[in-house]
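A structural walkthrough
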Amino acid sequence: MSTNNTEIADTNKTSSWSEFWSKEDWWAVWLGLGIVILAYVFYLSGSSISWIAVAPAKWLNFSQLATQLSTTGIRYLALLAALLILFTIVIKFIGQKPKEFIPAFIFIFILSAIIYILGNWDQASHYNLEPPLVALVIGLLISNVIGLPRWLDAGFRVEFYIKLGIVLLGATLPFTLIIWAGPVAILQASIVSLVTFFVIFFTARKLGLDHRLAAVLGAGGAVCGVSASIAVGGAVRAKKEDPPIAITLVVLWAIIFIFALPLISRVLELPTGVAGAWIGTSEFADAAGLAAAQSYGGLAGGHIAGTADQALASYTLIKVIGRDIWIGIWSFVLALVAVTVWERNETNSKVEVSQIWLRFPKFVFGFLIASILTTLIVHGNSLADYNKIVKPALIAPITSLRTWAFTFSFLSIGLTTRFRELANAGIKPFIAFTAGVLVNVVLGYVLSVIVFGHYWSTIVTH
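Values in this document were obtained by computation on a predicted structure and should not be read as measured data.

**Quick notes on the overall build of the protein**
Within the protein one finds 20 helices and 0 strands. Expressed as a percentage of its 462 residues, the buried residues of the protein come to 53%. Across the protein, every contact between residues at least 6 apart in sequence was considered, and the portion connecting residues at least 24 apart equals 81%. Accessible area for the protein stands at about 20,200 Å²; split by element, carbon and sulfur atoms hold 68% of it.

**With respect to the pattern of salt bridges**
Summed over all chains, the structure comprises 3 salt bridges. When the shortest N-O distance is used, the salt bridge between Glu24 and Arg157 registers 2.7 Å. Here Glu24 is found in helix H2 (residues 24-44), whereas its partner Arg157 is found in the loop between helix H5 (131-146) and helix H6 (158-171), with 133 residues between them in sequence. Residue Glu24 is classed as buried on the basis of its relative accessible area of 18%. With a shortest N-O distance of 2.4 Å, Asp25 and Lys163 are connected by a salt bridge. Placement of Asp25 in helix H2 and of Lys163 in helix H6 is noted, with a sequence separation of 138 residues between them. The buried category is assigned to Asp25, whose relative accessible area is 14%.

**Some remarks on the packing of aromatic side chains**
Going through the model one piece at a time under the given rule, you end up with 33 aromatic pairs. The interplanar angle of 15 degrees and the centroid separation of 5.7 Å between the aromatic rings of Phe197 and Phe201 together place this pair among those described as stacked. Placement of both Phe197 and Phe201 in helix H7 (residues 175-206) is noted, with a separation of 4 residues, approximately one turn of the helix. With respect to burial, Phe197 and Phe201 carry one shared label: buried. Judged by centre distance (6.0 Å) and plane angle (45 degrees), the ring pair of Trp404 and Phe408 falls under tilted. Placement of the pair is Trp404 and Phe408 together in helix H17 (residues 383-416), with a separation of 4 residues, close to one helical turn. Assessed through its relative accessible area of 1%, Trp404 is described here as buried. Grouping aromatic residues by their ring pairs yields a cluster made of Tyr76, Phe87, Phe101, Phe105, Phe109, Tyr116, Phe160, Tyr161, Trp404 and Phe408.

**A word on the nonpolar core**
Phe87, Phe105, Leu217, Trp404 and Trp456 are the most contacted members of the largest nonpolar core, which totals 140 residues. When residues in this core are grouped by element, the largest group, 13 residues, is from H17. Not counting residues within four places of it along the chain, the set of residues in contact with Trp456 comprises Val184, Ala185, Gln188, Gly273, Val274, Ala277, Ser314, Leu317, Ile318 and Ser448.

**Considering the packing of helix H8 (residues 211-222) against helix H19 (residues 428-451)**
Two elements in contact, H8 and H19, have axes separated by 10 Å at closest approach and are oriented at 30 degrees. Comparing their axes, H19 and H8 come out roughly parallel. As for the relative orientation of H8 and H19, their crossing is right-handed in sense. Mapping the contact onto sequence places Leu213, Leu217, Gly220 and Gly221 in H8 and Pro429, Phe433 and Asn440 in H19. Across the contact of H8 with H19, the residue classes tally to 4 nonpolar, 3 polar and no charged.

**Details of a nonpolar patch on the surface**
Where nonpolar side chains cluster on the molecular surface, the patch consists of Trp17, Trp21, Ile85, Ile89 and Phe93 and spans about 550 Å² of accessible area. Of all the secondary-structure elements, those providing two or more residues to the nonpolar patch are helix H1 (2-22) and helix H3 (62-93). If you tally residues by element for the nonpolar patch, the top one is H3, at 3 residues. On the secondary structure map, Trp17 appears in helix H1.

**Considerations on the environment of Glu343**
Inspection of the secondary structure puts Glu343 in helix H14 (residues 326-347). Judged by relative accessible area, which is 16%, Glu343 ranks as buried. Sequence-wise, Glu343 and Val236 are 107 residues apart; in three dimensions their C-alpha atoms are separated by 9.7 Å.

Criteria and cut-off values
Residues numbered from 1 in each chain as written. Predicted model: local features only at pLDDT ≥ 70, side-chain atom pairs only at ≥ 80, totals over all residues. Heavy atoms only, no water. Helix = DSSP H or I, 4+ residues; strand = E, 2+ residues; numbered from the N terminus. Buried < 20%, exposed > 50% of the residue type's maximum accessible area, 1.4 Å probe, protein only. Contact = heavy atoms within 4.5 Å. Areas by Shrake-Rupley, 256 points an atom, 1.4 Å probe, with all protein chains shown as cover. Salt bridge = Lys/Arg side-chain N within 4 Å of Asp/Glu carboxyl O. Phe/Tyr/Trp six-rings, centres within 6.5 Å; stacked < 30°, edge-to-face > 60°. Core = buried A, V, L, I, M, F, W, Y, C linked by side-chain atoms within 4.5 Å. Axes fitted to C-alpha atoms, helices over the stretch in contact; angles between N-to-C directions. Parallel < 35°, antiparallel > 145°, perpendicular 65-115°, else oblique. Left-handed = near helix turned anticlockwise from the far one by under 90°. Nonpolar A, V, L, I, M, F, W, Y, C, P; charged D, E, K, R; others polar. Patch = residues over 30% accessible without salt bridge, like charges linked within 9 Å, V, L, I, M, F, W, Y side chains within 5 Å.

As structure tokens, this is what we get:
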């Protein structure tokens, strides 16, 4: 009997060690941190990884675009080659077939590059053509109207891409930046994240929805909609169709708010800083919120007090910094609750400590470590130095690679989502999510306009 126990223990030990190179979660951490460290080495040497971390510049017409691509085309090919090598190594280690992944990823990359370039058209913000959202919409259209051969599914690694993107997101959110954001921004964002999550979660449970779907819906409304839905879905082991349900609702309301929030703010003649904060507290997707804040900032002057920069600054402090840092928090907390409470109640069995570790969303480690690394790097810099020196040389290239990763993920979501599958969920998820929307908008208005209105109307942008 003792021999068997020893064998089991040895197997578990081997299994626990092997997960460091056989699990997608850990590879997202290794690649993400590797990119951050490489970027830091180049930064210390007075250089940058911006050459390989190519991002399209703004372009006005096709002639200008052609000129741009004639000089940067080789960089796109270099990035494709680098990602293809790295991702193929990952695919090999996690037990998938590289020969199926390689052509599928090339397809994903080319389509993502077209979308990314389209998003940098000088009229893109006017039409709200932000790359991740455009990727999602194009993916949905191709999947549900045209259709794709099944062999391409090998490249649609939704969770891997999003987890890599979240690790890189940590590198662009140093704790110093959180301090610079100020207690008001963090407090307001935290209140909104907590209240919105619990309203959606308990409404969904009251309607009889499963814990996991309720958690995914709640996270989608409380944080950065699409990213949080996928991350939390993986953390609680939700059903395959749960994240797409939340994502569809996030995108629906995000598109509505792109137009509604600036319009209402204009009618109320809110100062740009106040409106930016309200948009940051009410919107569900970073790209959509940024488009809304930019459009309202363009109205500065005349009846609208403030500057365009104030709208973007307050939006960024609330949404991109204050709310997005909750991705890791919700993923960790909900993974713990899923293992220790929900699954225990379902199986009536004792929870093993090893299961808590196995289910823990490892990308949270990457997110936190990346943030700590960047915090150490920017320590001693003022906000002005950060924006002038650190951001263009170190943060901007990482942000570009993060956008690539998110675009791969959002495109993959669209390409693997079928509307007919979402229809089976019924009206209940919509009701639960919309309850959170209503609370979100009202609470966001009260906090942005009434409680902290003076702070946001005088927000400093330099």
